[in-house]
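This is what each chain is made of:
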Amino acid sequence: MNKSRNKQRKPWIDAAFISMIALLSISLIFLSHSTKSNAKQTTTDNRKPPEISKEESTKESAFPGILIKSEVSNDEYSPYSIQYPQSKVESFNAQIKKYIDEQLGTYLIAMQENKRVGSKTPGELNISFEIFPHTSGSYSFVMITGTYIGGANGYTSFNTIHYHPASGEVIEIDDLFGHEESNLIKLSTLVRDNIKKDPSLKDKVLEDEMLLATEPKWSNFEKFALIEDTLVVYFDEYEIANGAAGAPIIAVPLAELIEQLVAPYKPKVPVDSLHKTPVEAVSGDEDVEEDEESNETEVQVDEQTGNTKKKQVALTFDDGPDPKVTPKILATLAKYDAKATFFMLGSRVEFYPEIAGDVLEAGHELGNHTWTHANLTNMASDAIIEEVSRTNNIIEQSTGSAPTVFRPPYGAFNNDMLNILSLPVVLWDVDTLDWKHRDATQLLASVKSSVHDGSTILMHDIHLSTAQGLESVLAYLTSEGYTFVTVSELD
Ligand code: ZN
């Protein structure tokens, strides 16, 4: 999520680097033992890892207690850029570090071997991560690794870890389901159903591999994240589908698992405004959501004057500002003279006040999206007021202008909250699911299939793929005669 890094230089040799060297040496010793017997005995010189200088930095994330570590090497042949989270919990840190060390070690050894055989093509290693806070109080960390070590294609893989900041507990998939075998069987069935239903996997599933990789074993589902109202299960490239499918991401609505999930993970409100799966026996209070939403998206036809009105859409971007993605989105919007609305997290505005200022300066509307991306329906009034007013204040302080609209995280709100909030509540009717597919080309497809005059389109200015796909969306909507307005300007 927070992808900016300080350019602060640290001493060339430090603990992390030494441990990397140690790991490399161990791996190289292993390699030299496992190479063919006719290979020449490697000299001590050859066993030295490539001398790669790197920059390291640490900064706080928008999430309390979570630090972001960055390691960047601009080495010509083996460059890499790595970002990973660290917390106060040792087991969590160790698990993350182990993954990073494995990825980096494998990459550097492969590149060293490429160099030895005379390859001139530079490699690439990018590891980034995102944090998804869940209403249960836990965080899902999703690490995304892109590796290129020569040949035709790069390789993308995911790794996930879950952690409850309050208890310090690392959460595994079976914890979500009370370690019940019958629940595992249901999970396996639902994942298979969703693989079959997924349009992006059409004709790409490798049937035997898929059945093996989804058979009811907890370890088959260990790479998961709780994102909004969905259990997202990650698979590696070629694990369940052919190369054309990339690394598949399968989303199972939590509502479909309501009987299997244990208490803190059971969905409380149907949070996704698009898929309003009827959920039985929930705490009530979610009724307003529907009304409010339809008001929000109502198409107003000017029947009295009979004037042909220009078609309008309101583009909205949530969860920013982001130092990498938001500026790209601003540039694309400017190109189409499009105005949009940015629902910002106070905690991120605190980190990137100047980017929040740039958004306002470019003529866009500022919205409040709470401080911590909390599900407000679970909170007491004073806590809600704190979330909202703190965010109002930081936005006004940073940009000189207070936000004019409010969007509750997860689209979740109730009557009681409406009495507390002073700002108009804005939901959406077109959900691009950009956070899920992370695919620039899918952004347009999801807009095309559901946009109409008066639509409010939900996107996130924290995903690079959204910035990359935005231009095609703007070009398409322009060609269809739409103009781009802020949510407050929407008739
Ligand atoms: Zn959000």
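Conventions adopted
Residues numbered from 1 in each chain as written. Predicted model: local features only at pLDDT ≥ 70, side-chain atom pairs only at ≥ 80, totals over all residues. Heavy atoms only, no water. Axes fitted to C-alpha atoms, helices over the stretch in contact; angles between N-to-C directions. Helix = DSSP H or I, 4+ residues; strand = E, 2+ residues; numbered from the N terminus. Parallel < 35°, antiparallel > 145°, perpendicular 65-115°, else oblique. Contact = heavy atoms within 4.5 Å. Nonpolar A, V, L, I, M, F, W, Y, C, P; charged D, E, K, R; others polar. Expected span 1.5 Å × (residues − 1). Buried < 20%, exposed > 50% of the residue type's maximum accessible area, 1.4 Å probe, protein only. pLDDT = per-residue confidence, 0-100. Donors = N, O, S within 2.8 Å, 3.2 Å for Na, K, Ca; no water. Pairing = 2+ DSSP bridges. Arc of directions from axis to C-beta. Core = buried A, V, L, I, M, F, W, Y, C linked by side-chain atoms within 4.5 Å.

The subject of this paragraph is the packing of helix α7 (residues 325–335) against helix α14 (residues 464–479). Interhelical geometry of α7 versus α14 gives an angle of 5 degrees and a closest axis separation of 9 Å. If you check the angle between α7 and α14, you find them roughly parallel. Between α7, through V325, K328, I329, T332, L333 and K335, and α14, the contact on the second element is made entirely by L464, T466, A467, L470, E471 and L474. Split into classes, the residues belonging to the contact of α7 with α14 amount to seven nonpolar, two polar and three charged.

A few words on helix α2 (residues 90–116). Its 27 residues place the ends of α2 38 Å apart at the C-alpha level, agreeing with the 39 Å of an ideal helix rising 1.5 Å per residue. Immediately downstream of α2, the backbone of G118 shows phi near 95 degrees, a positive value.

Across the junction of G320 and P321, the peptide omega takes the value 0 degrees, indicating a cis bond. Locating P321 in the fold gives a position in the loop between β11 (311–318) and α7. Residues other than glycine seldom take positive phi values, yet T370 does so here, at roughly 70 degrees. If you trace the backbone, T370 turns up in the loop between β13 (365–368) and α10 (381–399). One non-glycine residue, H373, lies in positive phi territory at about 60 degrees. When you line up the elements, H373 lands in the loop between β13 and α10. Overall, H373 belongs to the buried group, its relative accessible area being 8%.

With that out of the way, let us pick up the confidence of the model for the protein chain. The predicted model of the protein chain averages 80 in pLDDT, with 80% of residues at 70 or higher. pLDDT under 50 marks residues 1–49. Its contacts with residues more than four places away, or in other chains, come to 68 contacts. Between residues 270–306, whose pLDDT stays under 50, and residues either more than four places distant or in other chains, the model counts 61 contacts.

Taken together, the protein donors to the zinc ion comprise D319 (OD), H369 (NE2) and H373 (NE2), at separations of 2.1 to 2.2 Å. Every donor residue of the zinc ion comes from the same chain, spaced as D-x49-H-x3-H. Here the residue D319 occupies a position in the loop between β11 and α7, and H369 occupies one in the loop between β13 and α10, the gap between them amounting to 50 residues.

Below, the discussion takes up the environment of L201. For L201, the position within the fold is in the loop between α4 (181–197) and α5 (207–213). When sequence neighbours within four positions are dropped, the list of residues in contact with L201 reads I195, I240, A241, A245, P248 and I250.

For strand β3 (residues 80–86), the buried fraction is high: seven of the seven residues fall into the buried class. Across the two faces of β3 the burial is the same, with Y80, I82, Y84 and Q86 and S81, Q83 and P85 all buried. Judged from the seven bridges that link them, strand β2 (residues 67–73) and β3 form a sheet pairing that is antiparallel. The residue of β3 that forms the bridge with S70 is Q83. Joining the antiparallel neighbours β2 and β3 is a turn of six residues.

With that settled, the discussion passes to helix α13 (residues 440–450). Along α13, the residues classified as buried are A440, L443, L444, S446 and V447. All buried residues of α13 lie within an arc of 165 degrees about the axis, which places them on one face of the element. Structural note: α13 exposes T441 and S449 on the side pointing more than 90 degrees away from its buried face. Residues of α13 that are buried make contact with β15 (430–431), α12 (434–437), β16 (455–460) and α14.

Right, let's talk about the nonpolar core for a bit. Of all hydrophobic cores here, the largest spans 33 residues; its most connected members are L315, F317, L333, F342, I457 and L477. Ignoring anything within four residues of it in the chain, the contact list for L333 reads L315, F317, A338, A340, F342, H364, L470 and L474. Counting residues in hydrophobic clusters, the runner-up holds 28 residues, among them W218, F221, L226 and L261.

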